[in-house]
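Structural overview for review
These are the residues of each chain, in order.
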Amino acid sequence: MRFFKNILVIISALLFVVCVGIDGWYLYVFYYAPDKLIDNTYEVGLQVLEDGTTDYFAKIKYHSNRNENGLECFDVQFNYLLDENKTAFFSQGLQFVGNTKTDKIDWQYYVDANFTKVEMSYVADSWYNQDRNYGFFGSYRTKDVTSKVYNYASGNSYKTTTISTNPINNDSVFKIQLGDDLFNMKFKGTSTEMEDDNFVYKEYGGYSFYFFWGVDNYNYYYAYYDSYYFSKLLYDAVKTLKPGTKQAFVFEFGDIFNYYKYDASKGSYSDTALKNADSVIENLKSYYSIYVEVVDDGVQKASDSLFNMVHGNANYNTTGQYDVDDYFVGRTVLKCDIYDFEFLNIIDNYYALKLKNSFIESYNENRDVLVLSIHIDLDVLKEKNIEFIGFADDSGLEKFVVLDCYTTETVNGEIQRVEVQL
């Protein structure tokens, strides 16, 4: 019995020494060890489908209306993967557009009326006076009196555009590719922390007098990291660029998204965000390669926009002119290419084209308000060893009004366009 008691005493003593050592190490790290900086860098650039098709995660087109001949218009397009198999893109977009030629896109900060203020700090200036600081959250929006916001969606690069049935919000998920991995990406939204990056302004909240001392109250206001905050940052950056800009830029943002990594073995996503701990600082940076176009003119017709819509109208046109890029006898031009056709082998490597049934079914109901503009890329067909000889007798084109049809081909380094008679 004495033997077992001795063993128990020894084990207890060892456990006590280990615990004291762990506590001592923690106190040393907490008070004396240098902070450890952990970098999580997410580079969001070109997204690539399985068939090799590429597109930028985000595109911007800004009509500044410096020439005062249209409307100021700021388009932000988000392109993301439709599924984990990377078979197609889906796109949503926000359009901020002035109401009249003299209206400007005017951003304003609105306090969240449902947010309960939080006490951030309580500082004693002296024994008789203190400062109490409170934090509030809010969001940026544009003023309705000068501009409107539209949320569009498309599954075919805005050949056809609809008002989104699932508008972008704090729960929206963008499926993207970072390197060889897939991620779901969400705006932080209501999980945003109060930081210097999203600080908006400070105001005096009044003086509270107590029996022996008084308190100066200050209110600090912060913005949620949401789609409007993201758009405002881009708007502020892009409006300083010179007209005629057409190129990709790398924008650096802070910790405005949550990232969830895809685990193919489990078929699910997990949160990859590191958690801050004592002596650990997470420095999360995100770099986005975004294609930007800046135009001096105001937007004047639907085709000027990335979304082929202005103010929710695919027929928007204030020019009084209708051409091949826009409209014909009051109809909307639907641009189609070789991917909208089936290839019928006539002989050897000679093929005739026929509209896909899926295309006909999609647009048959609205064919009375559509005209087709058909582009045949001969360079792509040559890569597939296909010689284009025209359209099949039952090509399906007879169901539609065709505005024009043309081929393009690179000859001696220049792209030549040739009209095709149907």
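None of the values given here were measured: they were computed from a predicted structure.

**Some details on the overall build of the chain**
For the chain, the count of helices and strands is four helices and 27 strands. Burial status across the chain gives 41% buried among its 422 residues. Of all intrachain contacts in the chain linking residues separated by at least 6 positions in sequence, the fraction that spans at least 24 positions is 67%.

**Structural notes on the pattern of salt bridges**
Counted according to the given criterion, the structure contains 17 salt bridges. K175 is the partner of E84 in a salt bridge, and the nearest nitrogen-oxygen pair spans 3.0 Å. Of the two residues, E84 sits in the loop between β5 (73-81) and β6 (89-98) while K175 sits in strand β12 (residues 174-178), which places them 91 residues apart along the sequence. Across the salt bridge formed by D181 and K261, the nearest N and O atoms sit 3.7 Å from each other. Placement of the pair is D181 in strand β13 (residues 181-187) and K261 in strand β17 (residues 257-263), with a sequence separation of 80 residues. Accessibility expressed as a relative area gives 33% for K261, which makes it partly exposed. Salt bridges sharing partners connect three or more residues here, namely K232, D236 and K239.

**What to know about the confidence of the model for the chain**
In low-pLDDT segments, the atomic positions of the prediction should not be examined closely. With 83% of its residues at a pLDDT of 70 or more, the chain has an overall mean of 84. Low confidence marks residues 25-33, where pLDDT is under 50. Its contacts with residues over four positions away, or in another chain, come to five contacts.

**Looking at the environment of Y288**
Within the secondary structure, Y288 is located in strand β19 (residues 280-295). For Y288, a relative accessible area of 0% gives the class buried. Residues Y288 and V44, spaced 244 residues apart in sequence, show a C-alpha to C-alpha distance of 4.8 Å. Ignoring any residue separated from it by four or fewer positions in sequence, one finds Y288 in contact with V44, F57, M185, F249, V250, F251, F253, F257 and Y259. Side-chain polar atoms of Y288 contact the side chain of Y259, separated by 3.0 Å.

**So, the sheet that holds strand β25 (residues 387-391)**
Ordered by their spatial adjacency, three strands build an open sheet running β22-β23-β25, and the pairing between neighbours is mixed. The sheet terminates laterally at β22 (341-347) and β25, the two strands that pair on one side only. The mean inter-strand angle of the sheet, taken between neighbouring strand axes irrespective of direction, is 40°. In this sheet, β25 lies alongside strand β23 (residues 350-355) in parallel orientation, the contact comprising three bridges. By the bridge assignment, Y350 is partnered in β25 with E387.

**Let's talk about the packing of aromatic side chains**
What the rule picks out here adds up to 47 aromatic pairs. Centroid distance F230 to F257: 5.8 Å. Interplanar angle 70°. Geometry classified as edge-to-face. Taken together, the positions of F230 in helix α2 (residues 227-238) and F257 in strand β17 put the pair 27 residues apart, joining distant regions of the chain. Among the residues examined, F257 registers a relative accessible area of 1% and is labelled buried. Here the guanidinium or amino end of R141 rests over the ring plane of Y228, the centre of that ring lying 3.9 Å away. Stacked on the ring of Y406, the Lys or Arg R417 has its end atom at 3.6 Å from the ring centre.

**Some points on the nonpolar core**
In terms of nonpolar packing, the biggest core is built from 45 residues, with F57, F74, F174, L234, V238 and Y288 touching the most fellow members. No other element matches the six residues that α2 contributes to this core. Apart from residues no more than four positions distant in its own chain, L234 is found in contact with I60, F74, V76, F251, F253 and I290. Within the second largest apolar cluster, 23 residues are counted, among which are I338, L355, I374 and V380.

**What about the side chain of S286?**
Take S286: it is sitting in strand β19. The class for S286 is buried, based on a relative accessible area of 1%. At 2.7 Å, the side chain of S286 and the side chain of Y259 are in polar contact.

**Concerning the side chain of Q92**
Relative to the helices and strands, Q92 is located in strand β6. Accessibility expressed as a relative area gives 5% for Q92, which makes it buried. Here the side chain of Q92 touches N151 through a polar contact of 3.1 Å, side chain to side chain. Within the structure, the side chain of Q92 is placed 2.7 Å from the side chain of S164, a separation counted as a polar contact. Ignoring sequence-local partners within four residues, the contact set of Q92 consists of V76, Q77, F78, Y80, N151, Y152, A153, Y158, S164, N166, P167 and I168.

What counts and how
- Residues numbered from 1 in each chain as written.
- Predicted model: local features only at pLDDT ≥ 70, side-chain atom pairs only at ≥ 80, totals over all residues.
- Heavy atoms only, no water.
- Helix = DSSP H or I, 4+ residues; strand = E, 2+ residues; numbered from the N terminus.
- Buried < 20%, exposed > 50% of the residue type's maximum accessible area, 1.4 Å probe, protein only.
- Contact = heavy atoms within 4.5 Å.
- Salt bridge = Lys/Arg side-chain N within 4 Å of Asp/Glu carboxyl O.
- pLDDT = per-residue confidence, 0-100.
- Polar contact = N/O pair within 3.5 Å; in protein donor to acceptor, adjacent residues only side chain to side chain.
- Pairing = 2+ DSSP bridges.
- Axes fitted to C-alpha atoms, helices over the stretch in contact; angles between N-to-C directions.
- Phe/Tyr/Trp six-rings, centres within 6.5 Å; stacked < 30°, edge-to-face > 60°.
- Lys NZ or Arg CZ within 6 Å of the ring centre and 35° of its normal.
- Core = buried A, V, L, I, M, F, W, Y, C linked by side-chain atoms within 4.5 Å.

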